[in-house]
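Report on the structure
What follows is the residue order along each chain.
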Amino acid sequence: MMDESVSKLSDNELILGYRNGNYACFDALLERYQAKVYGYIFSVVKDKDTADDIFQDTFFKVIATINSGTYKDENKFIHWVMRIAHNLIVDHFRRNSKMPIVPNRPDCDMLDNLRIHDDNIEQAIMRQQTNRNIRKLVKMLPPEQRRVVILRHYGKCDFKDIAARTGVSINTALGRMRYAIINLRRLAQEHNMYSEL
C-alpha cells in the first residue's frame, strides 16, 4: 500500500525523491497517471498488447530521462509523459504503414510530434551499419544486461515478460536496460562506432 505522505507530494517532489533513490516516489507517479496515459494510448491504438508495449516503453523513457538528469522540471510532467506516449504511437503506426489517428487536442499537435523523413539508399546503408555496430556492442555487455537487450529489442518482449523470463522484478529489468544503454554508449565511444543510442 502506498505511503500516504508520499502520495501527497507534488510531481516535482516525487521526481526529486525518485532521483534520490526513493523508488516509492516513482510508484506514486505511476499510480497517479497510469490510467490517464494508458487510457490515451489504448484509445488510439485499439489493441491491448500494443497499448501495453507502448505504455511500458513510455515509462521506460521517463525513467531513463529522469535517471540521466536531462529531465527539465517545468511543472508539466504529465504533458511531457503524454508527448512521449504520443511519439511512440506515431512511431508504431509508421512502422506498420498506417496513418496515425491524432486527437484534435492542444497536447497532441501532429506538426510538433511527427518526424517526417525520406529514406534513400545512403540512409539505408548507414542504418544497416549502425545495426551491425550495435549487435557487436551488445555482445560486449555483461550477460544479464545483454539478455535484457536481446529479449526487448530482438525478441520484442515487454518488460513484464522479460522480468518473468529472467526471474527478476520489472524495476530490475528496467534498471538492467538502463545500464545496458549507458554501457552501449560508452562502448560505442571507446570503439569509435557510430550508433543512435
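What you are looking at is a predicted structure, and each value in this text was computed from that prediction instead of being measured.

1. Quick look at a positive patch on the surface
- Positive charge collects at one region of the surface, where R132, R135, K136 and K139 lie side by side.
- Within the secondary structure layout, K136 lies in helix α7 (residues 121-138).
- Note on K136: relative accessible area 45%, which makes it partly exposed.

2. Things to note about the nonpolar core
- In this structure, V37, I41, V62, F77, V81, I89 and F159 are the most contacted members of the largest nonpolar core, which totals 50 residues.
- For this core, the secondary structure elements donating two or more residues are α2 (11-19), α3 (23-45), α4 (48-68), α5 (77-95), α7, α8 (143-154), α9 (159-166) and α10 (170-190).
- Residues contacting V62, with those up to four places away along its chain left out, are F26, F77, W80, V81 and I84.

3. Structural notes on the packing of aromatic side chains
- A full pass over the atoms with the stated rule returns 11 aromatic pairs.
- Between the aromatic rings of Y38 and F42, the centroid separation amounts to 6.3 Å while the plane-to-plane angle is 15 degrees, which identifies the pairing as stacked. Within this pair, Y38 and its partner F42 are both found in helix α3, separated by four residues, close to a single helical turn.
- Its relative accessible area of 36% is what places F42 among the partly exposed residues.
- The rings of Y18, Y23, F26, Y38, F42, F55 and F59 are connected pair by pair, giving a single aromatic cluster.
- Between R178 and the ring centre of Y179, over which it is positioned, the NZ or CZ distance is 4.8 Å.

4. Some points on the side chain of D11
- Along the chain, D11 turns up in helix α2.
- Overall, D11 belongs to the buried group, its relative accessible area being 16%.
- With near-sequence residues (within four places) excluded, D11 lies in contact with L29, R32, Y33 and F77.

Conventions adopted
Residues numbered from 1 in each chain as written. Predicted model: local features only at pLDDT ≥ 70, side-chain atom pairs only at ≥ 80, totals over all residues. Heavy atoms only, no water. Patch = residues over 30% accessible without salt bridge, like charges linked within 9 Å, V, L, I, M, F, W, Y side chains within 5 Å. Areas by Shrake-Rupley, 256 points an atom, 1.4 Å probe, with all protein chains shown as cover. Salt bridge = Lys/Arg side-chain N within 4 Å of Asp/Glu carboxyl O. Lys, Arg positive; Asp, Glu negative; His and termini not counted. Charge placed at Lys NZ, Arg CZ, Asp CG, Glu CD. Helix = DSSP H or I, 4+ residues; strand = E, 2+ residues; numbered from the N terminus. Buried < 20%, exposed > 50% of the residue type's maximum accessible area, 1.4 Å probe, protein only. Core = buried A, V, L, I, M, F, W, Y, C linked by side-chain atoms within 4.5 Å. Contact = heavy atoms within 4.5 Å. Phe/Tyr/Trp six-rings, centres within 6.5 Å; stacked < 30°, edge-to-face > 60°. Lys NZ or Arg CZ within 6 Å of the ring centre and 35° of its normal.

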